[in-house]
Amino acid sequence: ELDDLGLELPDDEDRDVEYELELMKWKIRELRRLQREYDRDEERKRELEEIERRRNMSEDERKKEDEERLRRDEKIREEKPKIA
Amino acid sequence: MANRTDPLAIHSHGFDPQFLIDKITREKIYQCAYWKAECFGLTAETVVDKAVELTYVGGLYGPLKKPTPFICLILKLLQLSPDKEIIYQYLQQKKFKYLTALAAFYWRLVGNGVDVYRWLEPLYEDFRKLRIRRENNYDLIHVDEWVDELLLKEDVCDIKLPRLPNRNVLMEDRLLGPRKSKLEQELEEELQETGPFTEKKKLYSEVK
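Rules and cut-offs
- Residues numbered from 1 in each chain as written.
- Chains lettered and ligands numbered in written order.
- Predicted model: local features only at pLDDT ≥ 70, side-chain atom pairs only at ≥ 80, totals over all residues.
- Heavy atoms only, no water.
- Helix = DSSP H or I, 4+ residues; strand = E, 2+ residues; numbered from the N terminus.
- Contact = heavy atoms within 4.5 Å.
- Areas by Shrake-Rupley, 256 points an atom, 1.4 Å probe, with all protein chains shown as cover.
- Axes fitted to C-alpha atoms, helices over the stretch in contact; angles between N-to-C directions.
- Parallel < 35°, antiparallel > 145°, perpendicular 65-115°, else oblique.
- Left-handed = near helix turned anticlockwise from the far one by under 90°.
- Nonpolar A, V, L, I, M, F, W, Y, C, P; charged D, E, K, R; others polar.
- Buried area = accessible area lost by both parts, 1.4 Å probe.
- Salt bridge = Lys/Arg side-chain N within 4 Å of Asp/Glu carboxyl O.
- Expected span 1.5 Å × (residues − 1).
- Buried < 20%, exposed > 50% of the residue type's maximum accessible area, 1.4 Å probe, protein only.
- Pairing = 2+ DSSP bridges.
- Polar contact = N/O pair within 3.5 Å; in protein donor to acceptor, adjacent residues only side chain to side chain.
- Core = buried A, V, L, I, M, F, W, Y, C linked by side-chain atoms within 4.5 Å.

Draft legend 1. Highlighting the overall build of chain B. Along its length, chain B carries 12 helices and 7 strands. Considering only contacts within chain B whose residues lie at least 6 apart along the sequence, 63% involve residues at least 24 apart. A total accessible area of about 10,400 Å² is found for chain B, and carbon and sulfur atoms account for 54% of it.

Draft legend 2. Broad picture of the packing of helix 4 (residues 46–53) of chain B against helix 5 (residues 69–80) of chain B. Residue and element names in this part refer to chain B. Close contact between helix 4 and helix 5 brings their axes to 11 Å; oriented N to C, the two are set at 165°. Judged by the inter-axis angle, helix 4 sits roughly antiparallel to helix 5. Judged by the sense of rotation from one axis to the other, the crossing of helix 4 with helix 5 is left-handed. In contact with V47, K50 and A51 of helix 4, helix 5 contributes L73, K76, L77 and L80. Grouping the constituent residues of the contact of helix 4 with helix 5 by class yields 5 nonpolar, no polar and 2 charged.

Draft legend 3. Spotlight on the interface of chain A and chain B. Opposite the 32 residues of chain A that make contact, chain B presents 41 residues. Of the roughly 3,300 Å² buried between chain A and chain B on both sides combined, carbon and sulfur atoms contribute 53%. Three residues stand out in chain A for area buried against chain B, namely D12, W26 and L34 of chain A, and they jointly supply 17% of the buried area on that side. Counting every contact that joins chain A to chain B gives 11 salt bridges. R179 of chain B is paired through a salt bridge with E37 of chain A; the nearest N and O atoms lie 2.9 Å apart.

Draft legend 4. Highlighting the environment of K25 of chain A. By secondary structure assignment, the location of K25 of chain A is in helix 1 (residues 19–55). The spacing of K25 of chain A and Y38 of chain A is 13 residues in sequence and 20 Å in space, taken between C-alpha atoms.

Draft legend 5. Structural detail: helix 5 of chain B. Residue and element names in this part refer to chain B. For helix 5, spanning 12 residues, the distance from its first C-alpha to its last is 16 Å, which sits close to the expected 16 Å at 1.5 Å a residue. Helix 5 sits mainly inside the fold: 11 of its 12 residues count as buried. Within helix 5, burial applies to P69, F70, I71, C72, L73, I74, L75, K76, L77, L78 and Q79. Positive backbone phi, approximately 40°, marks S81, located one or two places after helix 5.

Draft legend 6. Fine view of the sheet that holds strand 5 (residues 138–142) of chain B. Residues and elements named next belong to chain B. Strand order in this open sheet of 3 strands is 1-4-5, and the pairing throughout is mixed. Two strands bound the open sheet, and with one partner strand each, they are strand 1 (57–58) and strand 5. Across 5 bridges, the pairing between strand 4 (residues 129–133) and strand 5 is antiparallel. The residue of strand 5 that forms the bridge with R133 is Y138. Against the sheet, helix 9 (residues 143–152) engages strand 1, strand 4 and strand 5, with an angle of about 95° to strand 5.

Draft legend 7. Region of interest: helix 11 (residues 182–191) of chain B. Among the residues of helix 11 of chain B, the N-terminal cap falls to S181 of chain B, whose side-chain oxygen and the backbone nitrogen of L183 of chain B are separated by 3.1 Å. Count one or two residues on from helix 11 of chain B and you reach Q192 of chain B, which has phi positive near 60°.

Draft legend 8. Looking closely at the nonpolar core. Grouped together as the largest cluster of nonpolar side chains are 59 residues, with contacts concentrated most on F70, I74, Y90, F105, L120 and W146 of chain B. Ranked by the residues each element gives to this core, the list is headed by helix 7 (residues 97–110) of chain B, at 10 residues. For F105 of chain B, the residues in contact, after removing those within four places along its chain, are F70, I74, W146, L150, V156, C157, I159 and L161 of chain B. Listed in part, the 5 residues of the second largest apolar core include L23, W26 and L34 of chain A together with L183 of chain B.

Structure representation (C-alpha cells):
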C-alpha cells in the first residue's frame with residue numbers, strides 16, 4: 001500500500017492472533033504511565049508537606065531557616081570553580 | 001462563502017473556533033485538493049463517512065507541508081461545531097478507530113479541562129493501532145499513546161493545543177477523581193494488600 005508520495009503505509013490492522021502480544025505491550029506502556037502519575041503525586045505531596053511545615057513555624061524560625069539556606073547556597077557558590 | 005463557521009458556534013465559543021488552527025495552516029487547508037473535493041458541504045452526519053475512510057492521523061507533511069485529510073476534517077468539525085452528544089457518540093463507537101482518533105483530537109481542542117480528562121482518559125485502555133504521518137515517514141502508535149500525546153503535549157499534528165489545566169489542580173478542587181486504570185485494579189487484586197497505589201487516593205482526600 002503506497003501513499004501519494006510513494007511512501008509505504010505501515011500495517012495498522014488489529015488481528016486477533018496478536019491480541020495477547022499487544023495486550024502485553026499495552027501493559028508495559030500503562031505501567032510506565034502509572035509510575036509517572038505516582039511520581040507526580042509524590043512530588044505534589046512533598047510540596048504540600050513543605051508548605052504545611054513552614055506554616056507551622058514561627059516568624060523567627062522561618063527567618064532563621066531562610067538565612068541558613070542563603071548561607072549554604074553562598075558557600076556552594078564559592079566552592080564552585082570559577083570560569084577563568 | 002464556503003469556509004464560514006456555523007454562526008451559533010461563534011456565539012458559544014466567544015470566538016470563531018476555526019481560529020484554534022493558526023492562519024497559515026488554515027489557508028493551506030482551504031487551498032488543498034482534499035478540502036475542496038471532499039469536505040465541501042459536509043454535515044455533522046456525513047463527516048462521519050469521511051472519518052471512517054481515514055487511513056492515518058497527522059498534520060502537515062512532505063516538503064510542501066501539505067495538510068493531511070485528518071486536519072482537514074478537524075477544521076471541518078470546527079466549522080460545523082456539532083453538539084457535545086454527537087462527539088460523545090463518535091468517541092463511544094468501537095468500530096472505526098480513526099473516527100475515535102479524530103473525535104479525541106477535536107474534543108481536546110474544544111472541550112473544557114474536566115471534560116477533556118473525563119472523555120479522553122477511558123481511551124487509555126484502547127490499544128488499537130494507529131498510523132501517524134510525520135513529516136517524511138509514518139509511525140505506528142496505539143490509541144492509548146495518541147491520547148497520552150493529546151493530554152501531555154502542547155503541539156500535536158502541527159496544531160497548538162489550548163492550555164489544559166493540570167490534573168492535580170482539578171483533583172484538589174475535587175472536580176476530578178484519580179484516574180482508575182484497569183491494570184491498576186488488576187494489580188491491586190493480585191497484591192491484596194496496601195501497595196503504593198492506595199496512597200494516591202489518600203493524598204487527595206487529605207487535601208482540603
